[in-house]
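Reading the structure
Below are the chains, spelled out letter by letter.
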Amino acid sequence: MRAFREAVEAGDLDAVEALLADDVVFTSPVVFRPYPGKAITASILRAVFQVFEDFRYERELDGGDGRDHALVFTARVGDRQLTGCDFIHLDDDGLIDDLTVMVRPLSGAQALAAAMGARFEEITKEAEARSASAS
(Lines give C-alpha, C1' and ligand atoms only; values in the text may rest on other atoms or scores of the structure.)
Protein backbone atom coordinates (compact mmCIF):
# COMPACT_ATOMS: atom_id res chain seq x y z
CA MET A 1 0.00 0.00 0.00
CA ARG A 2 1.71 3.06 -1.32
CA ALA A 3 0.31 5.65 1.17
CA PHE A 4 1.33 3.60 4.23
CA ARG A 5 4.77 2.89 2.83
CA GLU A 6 5.39 6.54 1.98
CA ALA A 7 4.19 7.72 5.41
CA VAL A 8 6.42 5.19 7.19
CA GLU A 9 9.44 6.00 5.03
CA ALA A 10 8.90 9.73 5.68
CA GLY A 11 8.54 9.12 9.42
CA ASP A 12 5.13 10.82 9.27
CA LEU A 13 3.43 9.12 12.21
CA ASP A 14 0.32 11.29 11.98
CA ALA A 15 -0.18 10.19 8.37
CA VAL A 16 0.33 6.56 9.39
CA GLU A 17 -2.30 6.93 12.09
CA ALA A 18 -4.74 8.59 9.66
CA LEU A 19 -4.59 5.44 7.50
CA LEU A 20 -5.80 3.22 10.35
CA ALA A 21 -9.46 2.27 10.70
CA ASP A 22 -10.95 2.83 14.14
CA ASP A 23 -11.43 -0.94 14.47
CA VAL A 24 -7.99 -1.92 13.17
CA VAL A 25 -6.48 -5.08 14.65
CA PHE A 26 -2.72 -5.18 15.10
CA THR A 27 -1.04 -8.57 15.39
CA SER A 28 2.46 -8.34 16.81
CA PRO A 29 5.33 -10.61 15.84
CA VAL A 30 6.22 -11.16 19.48
CA VAL A 31 2.95 -11.19 21.45
CA PHE A 32 0.33 -13.94 21.35
CA ARG A 33 -2.86 -11.88 21.45
CA PRO A 34 -3.79 -9.25 18.86
CA TYR A 35 -4.35 -5.61 19.84
CA PRO A 36 -7.71 -4.21 18.69
CA GLY A 37 -8.22 -0.51 18.09
CA LYS A 38 -6.64 2.53 16.51
CA ALA A 39 -5.28 4.04 19.74
CA ILE A 40 -3.18 1.04 20.80
CA THR A 41 -2.06 0.31 17.23
CA ALA A 42 -0.90 3.90 16.71
CA SER A 43 0.91 3.89 20.05
CA ILE A 44 2.66 0.61 19.24
CA LEU A 45 3.73 1.90 15.83
CA ARG A 46 5.11 5.09 17.40
CA ALA A 47 7.23 2.98 19.75
CA VAL A 48 8.43 0.80 16.88
CA PHE A 49 9.74 3.94 15.19
CA GLN A 50 11.94 4.47 18.25
CA VAL A 51 13.11 0.85 18.40
CA PHE A 52 13.89 0.09 14.76
CA GLU A 53 17.13 1.43 13.34
CA ASP A 54 18.14 1.45 9.67
CA PHE A 55 14.54 0.58 8.72
CA ARG A 56 14.04 0.10 4.99
CA TYR A 57 11.27 -1.38 2.87
CA GLU A 58 12.73 -3.77 0.32
CA ARG A 59 9.68 -5.00 -1.62
CA GLU A 60 5.99 -4.39 -1.97
CA LEU A 61 3.58 -7.17 -2.87
CA ASP A 62 -0.03 -6.73 -3.94
CA GLY A 63 -2.70 -9.37 -3.41
CA GLY A 64 -4.32 -8.44 -6.71
CA ASP A 65 -7.65 -7.37 -5.22
CA GLY A 66 -6.37 -3.97 -4.06
CA ARG A 67 -7.18 -4.80 -0.45
CA ASP A 68 -4.30 -7.08 0.54
CA HIS A 69 -0.69 -5.94 0.58
CA ALA A 70 2.65 -7.08 1.97
CA LEU A 71 5.65 -4.84 2.59
CA VAL A 72 8.95 -6.63 3.16
CA PHE A 73 11.44 -4.71 5.29
CA THR A 74 14.83 -4.89 6.93
CA ALA A 75 15.78 -3.19 10.18
CA ARG A 76 18.07 -3.44 13.16
CA VAL A 77 17.28 -3.59 16.86
CA GLY A 78 20.49 -2.96 18.76
CA ASP A 79 23.05 -5.31 17.24
CA ARG A 80 20.42 -7.67 15.76
CA GLN A 81 19.57 -7.43 12.08
CA LEU A 82 16.09 -8.59 11.14
CA THR A 83 13.86 -9.06 8.15
CA GLY A 84 10.13 -8.64 8.42
CA CYS A 85 6.88 -8.21 6.62
CA ASP A 86 3.89 -5.97 7.20
CA PHE A 87 0.72 -7.73 6.02
CA ILE A 88 -1.97 -5.11 5.44
CA HIS A 89 -5.68 -5.49 4.72
CA LEU A 90 -7.88 -2.55 3.75
CA ASP A 91 -11.55 -2.14 4.65
CA ASP A 92 -14.29 -0.88 2.31
CA ASP A 93 -13.21 2.72 2.98
CA GLY A 94 -9.57 2.03 2.06
CA LEU A 95 -8.37 2.21 5.65
CA ILE A 96 -6.17 -0.40 7.30
CA ASP A 97 -8.36 -2.75 9.33
CA ASP A 98 -5.78 -5.49 9.82
CA LEU A 99 -2.02 -5.12 10.27
CA THR A 100 0.03 -8.22 10.98
CA VAL A 101 3.79 -8.00 11.37
CA MET A 102 6.18 -10.93 11.21
CA VAL A 103 9.95 -10.85 11.77
CA ARG A 104 12.88 -13.22 11.59
CA PRO A 105 15.32 -14.53 12.74
CA LEU A 106 14.46 -15.54 16.27
CA SER A 107 17.31 -13.45 17.72
CA GLY A 108 15.88 -10.37 15.97
CA ALA A 109 12.39 -11.13 17.25
CA GLN A 110 13.77 -11.57 20.77
CA ALA A 111 15.60 -8.23 20.59
CA LEU A 112 12.40 -6.58 19.33
CA ALA A 113 10.34 -8.19 22.12
CA ALA A 114 12.78 -6.97 24.77
CA ALA A 115 12.93 -3.43 23.40
CA MET A 116 9.17 -3.13 23.03
CA GLY A 117 8.52 -4.80 26.38
CA ALA A 118 10.65 -2.15 28.06
CA ARG A 119 8.38 0.52 26.56
CA PHE A 120 5.02 -1.18 26.99
CA GLU A 121 3.87 0.68 30.08
CA GLU A 122 4.48 3.95 28.22
CA ILE A 123 2.71 2.57 25.12
CA THR A 124 -0.34 1.61 27.17
CA LYS A 125 -0.54 5.03 28.84
CA GLU A 126 -0.28 6.77 25.46
CA ALA A 127 -3.03 4.54 24.02
CA GLU A 128 -5.31 5.28 26.98
CA ALA A 129 -4.77 9.01 26.50
CA ARG A 130 -5.49 8.67 22.75
CA SER A 131 -8.69 6.74 23.45
CA ALA A 132 -9.85 9.32 25.99
CA SER A 133 -9.21 12.25 23.63
CA ALA A 134 -11.00 10.47 20.76
CA SER A 135 -14.14 9.97 22.88
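Thresholds, definitions, all that
Residue indices follow the written sequence of each chain, beginning from 1 at its first position. Selection of residues for local features in this predicted model requires a pLDDT of at least 70, selection of side-chain atom pairs for listing and counting requires 80 or more, and totals for whole chains, interfaces and linings are taken over all residues. Each side-chain value is derived from all of the structure's non-hydrogen atoms; neither hydrogens nor water enter the calculation. Only buried residues count toward a nonpolar core, which is a set of Ala, Val, Leu, Ile, Met, Phe, Trp, Tyr and Cys residues joined through side-chain atoms within 4.5 Å. The buried label applies to any residue whose accessible area, calculated with a 1.4 Å probe on protein chains only, is under 20% of its type's maximum; exposed applies above 50%, and partly exposed to all values in between. Here a strand is any run of E in DSSP of at least two residues, a helix any run of H or I of at least four, and the numbering for each starts at the N terminus. Contacts: residue pairs with any heavy atoms within 4.5 Å of one another. Within this document, salt bridges are pairs made up of a side-chain nitrogen of Lys or Arg and a carboxyl oxygen of Asp or Glu, the two lying within 4 Å of each other. Polar contact criterion, stated in full: a pair of N or O atoms within 3.5 Å, where within protein one must be able to donate a hydrogen and the other to accept it, and residues adjacent in sequence count only if both atoms are side-chain atoms. A helix's residues, less one, multiplied by 1.5 Å, set its expected span. Two axes enter the bend calculation: one fitted to the seven residues ending at the residue in question, the other to the seven starting there, and the bend is the angle between them. At least two bridges found by DSSP between two strands are what make those strands a pair. Convention adopted: a line fitted to C-alpha atoms gives each axis, helices being fitted over their contacting stretch, and angles between N-to-C directions are expressed from 0 to 180 degrees.

One finds Phe-4 and Ile-96 to be the most contacted residues of the largest nonpolar core, which totals 38 residues. Elements that contribute at least two residues to this core include exactly helix H1 (2-10), strand E1 (20-27), helix H3 (38-51), strand E4 (68-77), strand E5 (80-90), strand E6 (96-104) and helix H4 (106-134). The contacts of Phe-4, once residues within four sequence positions are left out, are Val-16, Leu-19, Tyr-57, Leu-71, Asp-86, Ile-88, Ile-96 and Leu-99.

As a further point, take the pattern of salt bridges. Tallying each qualifying case throughout the model produces 14 salt bridges. Where Asp-14 meets Arg-46, a salt bridge forms, and the shortest distance between an N and an O atom there is 2.9 Å. Remark: Arg-46 occurs in helix H3 and Asp-14 occurs in helix H2 (residues 13-18); sequence separation between them is 32 residues. Using a relative accessible area of 55% as the deciding quantity, one classes Asp-14 as exposed.

Relative to the assigned elements, Ser-43 resides in helix H3. Accessibility expressed as a relative area gives 1% for Ser-43, which makes it buried. Within the local environment of Ser-43, its side chain forms a polar contact with the side chain of Glu-126, the two groups lying 3.4 Å apart. Beyond its immediate sequence surroundings of up to four residues, Ser-43 is in contact with Ile-123, Glu-126, Ala-127 and Arg-130.

What follows concerns H3. In this model H3 runs 20 Å from its N-terminal to its C-terminal C-alpha over 14 residues, within 8% of the 20 Å that 1.5 Å per residue would give. In terms of residue burial, H3 counts as a mostly covered element, since 11 of its 14 residues are buried. Within the span of H3, buried status applies to Ala-39, Ile-40, Thr-41, Ala-42, Ser-43, Ile-44, Leu-45, Arg-46, Ala-47, Val-48 and Val-51.

Here H4 spans only 37 Å end to end across 29 residues, well under the 42 Å set by a 1.5 Å rise per residue. Of all bends in H4, the biggest is about 55°, found at Phe-120. Buried residues of H4: Gly-108, Ala-109, Ala-111, Leu-112, Ala-115, Met-116, Ile-123 and Ala-127, and no others. On its buried face, H4 sits against H3, E4, E5 and E6.

A few words now on the sheet that holds strand E3 (residues 53-62). Pairing is mixed across the open sheet formed by 6 strands, whose spatial order is E2-E1-E6-E5-E4-E3. A strand with exactly one partner marks an edge of an open sheet, and here the two such strands are strand E2 (35-36) and E3. In this structure, E3 lies alongside E4, joined through 7 bridges in antiparallel fashion. Residue pairing across strands places Leu-61 opposite Ala-70, the latter belonging to E4. On the sheet, H1 packs against E3, E4, E5 and E6 and is oriented at approximately 170° with respect to E3. Across the sheet, H4 lies against E2, E4, E5 and E6, angled at about 75° from E5, the strand it touches most.

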